[in-house]
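Spelled out, the chains give:
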Amino acid sequence: MIELRNVTVQAGKFQLRNLSIEVDAGQYAVLMGRTGIGKTTLIESICGLRKVVCGQVWIHGTDVTHYSPSDREIGYVPQDLALFPTLNVREHLAFALRLRRVSRERIVARVKELAETLGITHLLDRHVQGLSGGESQRVALGRALSFEPAILLLDEPLSALDDATRRETYALLKKVQKASQVTTLHITHNQEDVDVLADCCFRMEANGMLVTVS
């Protein structure tokens, strides 16, 4: 479950005020709004990358407002994917697990499981520079899911993909969400994303307020 309670976030001169939203456990929620309206600022506040001026951020019944980003158990795929050019695909999938000092045996098993689910087993020893947009998206998603996070946050995950790859990624996201039941918040400005993926939808208005669409 994701819950914001009257959250205010400051990003330079830009401010979002008194935001409240609730996504039930296991739901796939989509947040819409035009470019520059503050969707990424909102998602960064949930991650802990933006300090909350006031209000509270709750994850599955725990107030994480003052937790560090690493302690929130959140899988996050930023819009630019933030893949590391020095790591290959296998190392990306293992990255968060190594930080958590997971056993080598568990890392090997989890990487194999993720690669099979995401259809990237044949890419495990490739570096990311040569990957297509869709392949890169799968690697970033695998890295975010590797440690079995409490929630998954996706910032415009499909915006750079062509139509065919977008349709493939729709199917992949639905498959992953069904298998993991991870509570997901997906930011977009594309109505098709809502129509295909969303259990519930919210829209950010020009005044920074959140409106429940469905």
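Here, the structure is the one placed above.
From a predicted model like this one, the values you see are computed outputs, not experimental measurements.

K.L.:
Is there a simple way to think about a negative patch on the surface in this case?
P.N.:
On the surface, a cluster of negative charge is made up of D162, D163, E168, E192 and D195. Only α5 (163-180) and α6 (191-197) provide two or more residues apiece to the negative patch. Relative to the helices and strands, D195 is located in helix α6.

K.L.:
Would you explain the packing of helix α2 (residues 89-99) against helix α3 (residues 104-118) in this entry?
P.N.:
Helix-helix packing: each pair is described by the crossing angle between the helix axes and the interaxial distance. Viewed as axis vectors pointing N to C, α2 and α3 meet at an angle of 130°, and their least axial separation amounts to 10 Å. Considered as vectors, α2 and α3 are oriented oblique to each other. In the crossing of α2 with α3, the sense of the turn from one axis to the other is right-handed. Of the residues in α3, those in contact with R90, L93, A94, L97 and R98 of α2 are I107, R110, V111, L114 and A115. Partitioning the contact of α2 with α3 into residue classes produces 7 nonpolar, no polar and 3 charged.

K.L.:
What should I look at first to understand empty space enclosed by the protein in this one?
P.N.:
By rolling a water-sized probe across the atoms, one finds the places where empty space is left. Under the definition given, this model contains 2 cavities of 30 Å³ or more. Approximately 40 Å³ is the volume attributed to the largest cavity. As for the largest cavity, its lining consists of V77, Q137, L141, L154, P157, T169, L172 and L173. Within the residue set of the lining of the largest cavity, elements represented by two or more residues are α4 (133-145) and α5.

K.L.:
Where do I start with the nonpolar core in this structure?
P.N.:
If you look at the biggest cluster of nonpolar residues, it comprises 39 residues, and the most contacted ones within it are V89, L93, I120 and L141. Those elements that provide at least two residues to this core are β3 (28-32), α2, α3, α4, β7 (151-155), α5 and α6. Once you skip the residues sitting within four places of it in the chain, L141 turns out to touch V77, L118, L152, L154, L172, L173 and V176. In terms of nonpolar packing, the next biggest core, distinct from the first, is built from 29 residues, L4, I46, I151 and M204 among them.

K.L.:
Help me understand the state of the cysteines, please; the structure alone is not making it clear to me.
P.N.:
By definition, a disulfide links the sulfur atoms of two cysteine residues through a covalent bond. Scanning the entire structure with this criterion turns up 0 disulfides. The cysteine C47 is free of any disulfide, with C200 supplying the nearest cysteine sulfur at 17 Å. The cysteine C201 is free of any disulfide, with C200 supplying the nearest cysteine sulfur at 7.8 Å.

K.L.:
When you look at the sheet that holds strand β4 (residues 52-59) in this model, what are you seeing that I'm missing?
P.N.:
Two modes of strand pairing occur in sheets, parallel and antiparallel, and in both the strands are linked by backbone hydrogen bonds. Strand order in the open sheet formed by 4 strands is β2-β1-β4-β5, and the pairing between neighbours is antiparallel. The two strands at the open ends of the sheet, each matched to only one other strand, are β2 (14-23) and β5 (62-63). As defined by bridge partners, strand β1 (residues 2-11) adjoins β4 across 6 bridges and the pair is classed as antiparallel. Bridge pairing in β4 links I2 to I59. Strands β1, β2 and β4 of the sheet are contacted by helix α1 (residues 39-47), whose axis makes an angle of about 115° with β1.

K.L.:
Explanation requested: the layout of surface pockets in the structure shown.
P.N.:
Quantified by volume, the largest pocket comes out at close to 510 Å³. As for the largest pocket, its lining consists of 20 residues, of which I74, Y76, F95, A96 and F147 are closest to the centre. Mapped onto the lining of the largest pocket, the elements with two or more residues apiece are β6 (74-77), α2 and α4. Classifying every residue of the lining of the largest pocket by side-chain character gives 15 nonpolar, 2 polar and 3 charged. Its volume calculated, the second largest pocket comes out at about 260 Å³. As for the second largest pocket, its lining consists of R110, E113, L114, T117, L118, L145, E148, P149, V176, A179, S180 and V182. Listing elements by their share of the lining of the second largest pocket, those giving two or more residues are α3 and α5. When its residues are assigned to classes, the lining of the second largest pocket shows 7 nonpolar, 2 polar and 3 charged.

K.L.:
Help me out: how do you make sense of the side chain of R138 in this one?
P.N.:
With respect to the helices and strands, R138 occurs in helix α4. The buried charged residue R138 lacks any salt bridge partner; its closest oppositely charged side chain belongs to E168, at an N-O distance of 4.3 Å. Sequence-distant contacts of R138, that is, excluding residues within four places in its chain, are made with L118, G119, I120, E168 and L172.

Definitions and limits used
Residues numbered from 1 in each chain as written. Predicted model: local features only at pLDDT ≥ 70, side-chain atom pairs only at ≥ 80, totals over all residues. Heavy atoms only, no water. Patch = residues over 30% accessible without salt bridge, like charges linked within 9 Å, V, L, I, M, F, W, Y side chains within 5 Å. Areas by Shrake-Rupley, 256 points an atom, 1.4 Å probe, with all protein chains shown as cover. Salt bridge = Lys/Arg side-chain N within 4 Å of Asp/Glu carboxyl O. Lys, Arg positive; Asp, Glu negative; His and termini not counted. Charge placed at Lys NZ, Arg CZ, Asp CG, Glu CD. Helix = DSSP H or I, 4+ residues; strand = E, 2+ residues; numbered from the N terminus. Axes fitted to C-alpha atoms, helices over the stretch in contact; angles between N-to-C directions. Parallel < 35°, antiparallel > 145°, perpendicular 65-115°, else oblique. Left-handed = near helix turned anticlockwise from the far one by under 90°. Contact = heavy atoms within 4.5 Å. Nonpolar A, V, L, I, M, F, W, Y, C, P; charged D, E, K, R; others polar. 1 Å grid on protein atoms, 1.4 Å probe; cavity = no way out; pocket = protein on both sides within 12 Å on 5 of 7 lines; lining within 4 Å. Points joined across faces, edges and corners; volume = space filled by probe spheres on them. Core = buried A, V, L, I, M, F, W, Y, C linked by side-chain atoms within 4.5 Å. Buried < 20%, exposed > 50% of the residue type's maximum accessible area, 1.4 Å probe, protein only. Disulfide = S-S within 2.5 Å. Pairing = 2+ DSSP bridges.

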